[in-house]
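Geometric and topological summary
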Amino acid sequence: GLVVCGFGIAVHFPLGMALAIDHSDGQADLATARSAYAFGFAFGVAPFLLAAIADQIDPHTAFLLVPVFLAVAAVAILPIARGGPGGASAGRRDSSVPEVGELQPERSQ
């Protein structure tokens, strides 16, 4: 069970990081740093938050809240995924950054 959970979580980091970098307006290093911090915080806090909720109400009801939290997260990132607020630059290429293969080593003769 823990391995399957790990595989599920492992997909979130690269996809979330790519989304943050795509919408960073040329500040990929800042987006990467903030995303890494947010992921670490979320993955570290979420289990304890769920446990605290389960202590207040029964564990079954607490685990039923997980899909609700996922739906709230999906709604929160929908504007970004559609290129809305904060994501207006998605899909645009910064012409000052070369594409892979554009850089050719200089040949000395």
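As a reminder, the structure under discussion sits directly above these lines.
What counts as what
Residues numbered from 1 in each chain as written. Predicted model: local features only at pLDDT ≥ 70, side-chain atom pairs only at ≥ 80, totals over all residues. Heavy atoms only, no water. Patch = residues over 30% accessible without salt bridge, like charges linked within 9 Å, V, L, I, M, F, W, Y side chains within 5 Å. Areas by Shrake-Rupley, 256 points an atom, 1.4 Å probe, with all protein chains shown as cover. Salt bridge = Lys/Arg side-chain N within 4 Å of Asp/Glu carboxyl O. Helix = DSSP H or I, 4+ residues; strand = E, 2+ residues; numbered from the N terminus. Contact = heavy atoms within 4.5 Å. Phe/Tyr/Trp six-rings, centres within 6.5 Å; stacked < 30°, edge-to-face > 60°. Buried < 20%, exposed > 50% of the residue type's maximum accessible area, 1.4 Å probe, protein only. Axes fitted to C-alpha atoms, helices over the stretch in contact; angles between N-to-C directions. Parallel < 35°, antiparallel > 145°, perpendicular 65-115°, else oblique. Left-handed = near helix turned anticlockwise from the far one by under 90°. Nonpolar A, V, L, I, M, F, W, Y, C, P; charged D, E, K, R; others polar.

**A look at a nonpolar patch on the surface**
- On the surface, Y37, F41, V45 and L49 cluster together into a nonpolar patch covering about 450 Å² of accessible area.
- By the element assignment, F41 lies in helix α2 (residues 28–56).

**Some points on the side chain of S35**
- Inspection of the secondary structure puts S35 in helix α2.
- Sequence-distant contacts of S35, defined by excluding residues within four places in its chain, comprise G16, M17 and A20.

**Remarks on the packing of aromatic side chains**
- One pass over the structure, following the stated rule, counts three aromatic pairs.
- Taking 6.4 Å as the distance between ring centres and 15° as the angle between the ring planes, the aromatic pair formed by Y37 and F41 counts as stacked. Highlighted residues: Y37 and F41, both in helix α2, separated by four residues, approximately one helical turn. The exposure classification of Y37 matches that of F41, with both residues exposed.
- Counting every residue linked through ring pairs, the aromatic cluster contains F13, F39 and F43.

**What to know about unusual backbone geometry**
- A positive phi angle, close to 55°, is found at D25, a residue other than glycine.
- Mapped onto the elements, D25 comes out in the loop between α1 (2–22) and α2.
- For D25, a relative accessible area of 58% translates into the label exposed.

**Re the packing of α2 against helix α3 (residues 59–81)**
- Contact geometry for α2 and α3: axes closest at 8 Å, N-to-C directions at 135°. Between α2 and α3, the interaxial angle falls into the category oblique. Here the hand of the crossing between α2 and α3 comes out right-handed. Facing α2, whose interface residues are L50, I53 and A54, α3 presents P59, A62, F63, L65, V66 and F69.
- When grouped by side-chain class, the residues that make up the contact of α2 with α3 number nine nonpolar, no polar and no charged.

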